[in-house]
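# Coordinates in review
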Amino acid sequence: MGRTLRSAPALYTHAAVTGVDRVRVFKVLAPDEAKADRYDSCNVLVLKGSDDSPTLKEQMRATEGAAAVRIDDLRHPDVVRPGDVVRLRPGSTLVSVLYRRGSNANALFVTEQCNSLCLMCSQPPRNESDRWRLDELHALIDLVDVDEPQLGITGGEPTLLREDLAYLIDHARQRLPNTLLHTLTNGRLFSDAGLADMLCASAGDQAVWAVPIYADIAALHDEIVGGVGAFGETMSGLYELAKRRARVEIRIVLHALSIPRLPQLASYIYRRMPFVEHVAFMGLEPMGFAKMNRDRLWIDPADYQAPLCDAVHHLALRGMSVSIYNLPLCVLRSDLWPFARASISDWKNRDAPQCRTCSVRDACSGFFASAGPQWRSRAIAPITGSGSSKGEEVSRYGVA
Amino acid sequence: MVHIPGSVLITNDLGEYVIVPEAVHVALEEGRLAMSDPRYADIEARGLISRHGPTDGLSAIVKRTRKGFLTEGPSLHIFVVTLRCDHSCQYCQVSRAALNATGKDMTRANAMLALDRVFESDASTLTIEFQGGGPALRFDLVREIVQEAELRAEKEDRVVQFTMATTLHLLAQADLEFCRDHRMHLSTSLDGPEDIHASQRVLPKSNSWKSTIEALSRARAVLGEHGVAALPTITRAALSRPEDVVDAYVEAGFGSIFLRPLAPYGFARKTRASLGYSVDEFMTFYERALNYVLRLNEAGVRIEETTATIMLRHILTPFHSGYMDLRSPAGAGLGVLVYNYDGGVYPSDEARMAAETGDARFRLGDVSQPLDKMLSSDAMMWLAKGAIAERQNGCRDCAFVPYCGADPVHHAIVQGEPDVGREGTDFCGRHMAQFQLLFGRIAERDPDTMKTLLGWVFQRDRGDVGPGWVEH
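All of these numbers come straight from a predicted model, not from anything done at the bench.

Procedures and definitions
Residues numbered from 1 in each chain as written. Chains lettered and ligands numbered in written order. Predicted model: local features only at pLDDT ≥ 70, side-chain atom pairs only at ≥ 80, totals over all residues. Helix = DSSP H or I, 4+ residues; strand = E, 2+ residues; numbered from the N terminus. Rg over C-alpha atoms; globule rule 2.2 N^0.38 Å. Contact = placed C-beta atoms within 7 Å. Nonpolar A, V, L, I, M, F, W, Y, C, P; charged D, E, K, R; others polar. Axes fitted to C-alpha atoms, helices over the stretch in contact; angles between N-to-C directions. Parallel < 35°, antiparallel > 145°, perpendicular 65-115°, else oblique. Left-handed = near helix turned anticlockwise from the far one by under 90°. pLDDT = per-residue confidence, 0-100. Pairing = 2+ DSSP bridges. Buried ≥ 20, exposed ≤ 12 C-beta atoms within 10 Å, placed from the backbone.

## Structural notes on the overall build of chain B
From N to C terminus, chain B includes 19 helices and 13 strands. What you see for chain B is a C-alpha radius of gyration of 23 Å, in line with the 23 Å of a compact globule of 472 residues. With the C-alpha coordinates aligned to their principal axes, the bounding extent of chain B is approximately 75 × 50 × 45 Å. Sequence separation of at least 24 residues holds for 68% of the intrachain contacts in chain B that already meet a minimum separation of 6.

## Some points on the interface of chain B and chain A
Across the boundary between the two partners, chain B contributes 26 residues, which contact 29 residues of chain A. At the level of elements, α2 (38-45) and α3 (56-66) of chain B are the ones that each hand at least two residues to the side of chain B that touches chain A. Each residue belonging to the side of chain B that touches chain A can be placed in one class, and the counts come to 12 nonpolar, 8 polar and 6 charged.

## Things to note about the packing of helix α7 (residues 262-272) of chain A against helix α10 (residues 305-317) of chain A
Residue and element names in this part refer to chain A. The geometry of α7 relative to α10 is characterised by a closest axis approach of 8 Å and an angle of 15° between their N-to-C directions. Classified by the angle between their axes, α7 and α10 sit roughly parallel to one another. Where α7 crosses over α10, the handedness of that crossing is right-handed. Residue-level contacts link L262, P263, L265, A266, S267, I269 and Y270 of α7 to P307, L308, D310, A311, H314 and L315 of α10. Of the residues contributing to the contact of α7 with α10, the split by class is 10 nonpolar, 2 polar and 1 charged.

## A short note on the confidence of the model for chain B
Predicted confidence across chain B gives a mean pLDDT of 92, with 96% of residues reaching 70 or more. Our summary of model confidence lists the complex with pTM equal to 0.90 and ipTM equal to 0.90.

## Some points on unusual backbone geometry
Omega for the bond connecting G155 of chain A with G156 of chain A falls within 30 degrees of zero, at 25°, which places this linkage in the cis form. The omega torsion of the bond from S328 of chain B to P329 of chain B falls at -5°, within 30 degrees of zero and hence cis. Mapping P329 of chain B onto the fold places it in the loop between α13 (306-316) and β11 (336-339). The backbone of D73 of chain A sits at a positive phi, close to 55°, despite the residue not being glycine.

## Some thoughts on the sheet that holds strand β6 (residues 159-165) of chain B
Residues and elements named next belong to chain B. The strand order across the open sheet built from 8 strands is β8-β7-β6-β5-β4-β11-β12-β13, with neighbouring strands paired in mixed fashion. Each end of this open sheet is capped by a strand with a single partner; those strands are β8 (228-231) and β13 (365-366). Note: strand β4 (residues 76-80) against β11, 4 bridges, orientation parallel. Counted as the bridge partner of I78 is V338 from β11.

## With respect to the environment of L176 of chain A
Residues and elements named next belong to chain A. Within the secondary structure, L176 is located in the loop between α3 (163-175) and β11 (180-184). The buried category is assigned to L176, around which 21 C-beta atoms lie within 10 Å. Sequence-wise, L176 and V276 are 100 residues apart; in three dimensions their C-alpha atoms are separated by 24 Å. Not counting the four nearest positions on each side in its chain, L176 is found in contact with V144, V146, E148 and L151.

## A few points about the sheet that holds strand β14 (residues 278-283) of chain A
Residues and elements named next belong to chain A. If you trace the 7 strands from one edge of the open sheet to the other, you get β9-β10-β11-β12-β13-β14-β15, paired in parallel fashion. Each having just a single partner strand, β9 (107-109) and β15 (322-325) make up the two edges of the open sheet. Within the sheet, the average angular offset between the axes of one strand and its neighbour, ignoring direction, is 25°. In the sheet, β14 pairs with β15 via 4 bridges, with the strands oriented parallel. Looking at β15, one finds that A280 is bridged to S323.

Here it is, written out as structure tokens:
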């Protein structure tokens, strides 16, 4: 905590790796913390040399149990820090960071398979079995910081793992009783009451199920998620979740297809799902399928401020908790600022040149690293504090 | 389906609705409304057309939130601690007795038995309301009941709260402090301006309006500015003066006014002719009063009309307001129990008043009997036939029934039986007219009006109702 996340480094680097006989995950710790012996020492790498000569290449070596494993000559020493969890492969120089201490974006990526095919999917699914991930995820759970406030569970569609997802959640709850498990799911499989029973029982109130809904009518939602009948299944799934008093968040990605009925969708959520604890409106992430489908999806956020305002205020007036993610403050109408969260995962966060003189950049979500100029709103401009009306909002909402 | 000027209101049993222009409704009926028409989508999203099979589950959720009160037993328990009263109001002849009357007080033993009944109910929050007569005359008993109820609540880990309907006049400083310390909410009567109030609420030796205003400031000094609410009884004298009645509330510092018509019973026929009025006469009064209240709000005065708030909560939210007189299944017996001074238990205040005039049909039992027994009594079974609005002739197909309620006691008194068709009754006529009025306002989509109304429904300052006020 307290680390500047805005320009966090990439999630992998290369190094000279020795002593690894199979794919393994390790907790990287500074010597002091390693002495506290909180983790199985076979899975700990102790970071050496960072205190004496922090700018030089890093050297790590394992404690007794795994004395043979070494990492030397890290190409980007900044990528691996104390507290992180890394994956090493035999015969490979790749060092991948699976968990980063202090990041707001740590997640268990449980599968690449999915039963939907959303037009704007940022993580296009692959239809092959990837159950090998489970062992690694169980190992990873054992190495996550015990005081981690939130861990995502994502995919693909996590519920496709059925009981294996329940085991994973069980394990996470035992090991990390104070960590919120924020699970992205399309909710369709919860329409199976048996599966809903199993997953809700394993999750208790430690998991929030974040379910996307893109329209208040079936045809439009189904078109966006690429599956006839998906809307009905998700609605039944939400019902099963509500019946079990599970915690539910609704997520709405904003694009040319979801905008036209956005206020109606907000109204629908309040009328039909007053049990949801949070509604998140999300700027479009220009990755994966979204790039392919730009023509159908792109709408400049500057052009949807009115329906977004309607939708957000409609829900907020009715006492529902609302957030806006992934949209920089300069494109949002100032009355939406109190709902805007600096949300883009730290590893995707980049400053545009315009941001350098902006007075509210610290409170802003910034941009997706992958966004090219064709994904950039014409409204992007620095907010310079005094003089502009938005500048006054800065102090009004105390975001600066 | 109901016609409102220029438009048609279509509702379903979930309380979902759309308001569409006449032409759209005709096109829909004739199957000519294109699926690509956004209004087709609006109608479909409200579940008024089904294209992709039912989403039964979520419908069940809506029913469950709207009828949330069904999952628990009676929550409002009214104690008539005495029938004696220092007032002799024109419209209150059967629910009072003279100050020096005997045998009109609740005994301590019956009060404790009534508490047994209260705690037999599994309602999550128990409300005990003290009524009379003038309950302040027996504040000693009120104290005892409150203290005992709190002890029991603590022992059983239950939540109990208290209210009292009182003229305030007879509450001593120490009594008010007791109310404050036990968070008792006080509700008093204010019938409007001085001339109306003082002539209707008769005190033998003094001006009841002056006493009320005086007592009000004494009570507020102890309980705080919002510690006391008030209700007017609207008689013929007030009908032509809605603005004066509202002004009296604003001047007296009240944030709300609850405009309800005089109940058509509880006093002699002759009195009824001089005090009472028709539904139409009341609605003329009500509409003028509501318009005036809306104008005041636009001018920055904060005053809320409670009937509108209750009805709009039913229309604009998936929740019930909690108001006992407008719910289905009815509040009578299922949500409310009245413990009369003589040990009789009744399903509502109207029912015990009817009993005073010799109509014994509503008596659920004696306070010494367990709650189960009273809720399965012949009287309750009889009333239950009229307790579900959705099953009554005339209500079953009414577009307003999801927002309305049933009052079997009222219908049994007025029509003889609890389950006679409601059409043509005062109950039906007034509620229809009020729903019509409020839906008309919603259909107009006037931002000034809607900001005020939404502020009431969602308990917000009018100025905080920004964009997003439109109902989609």
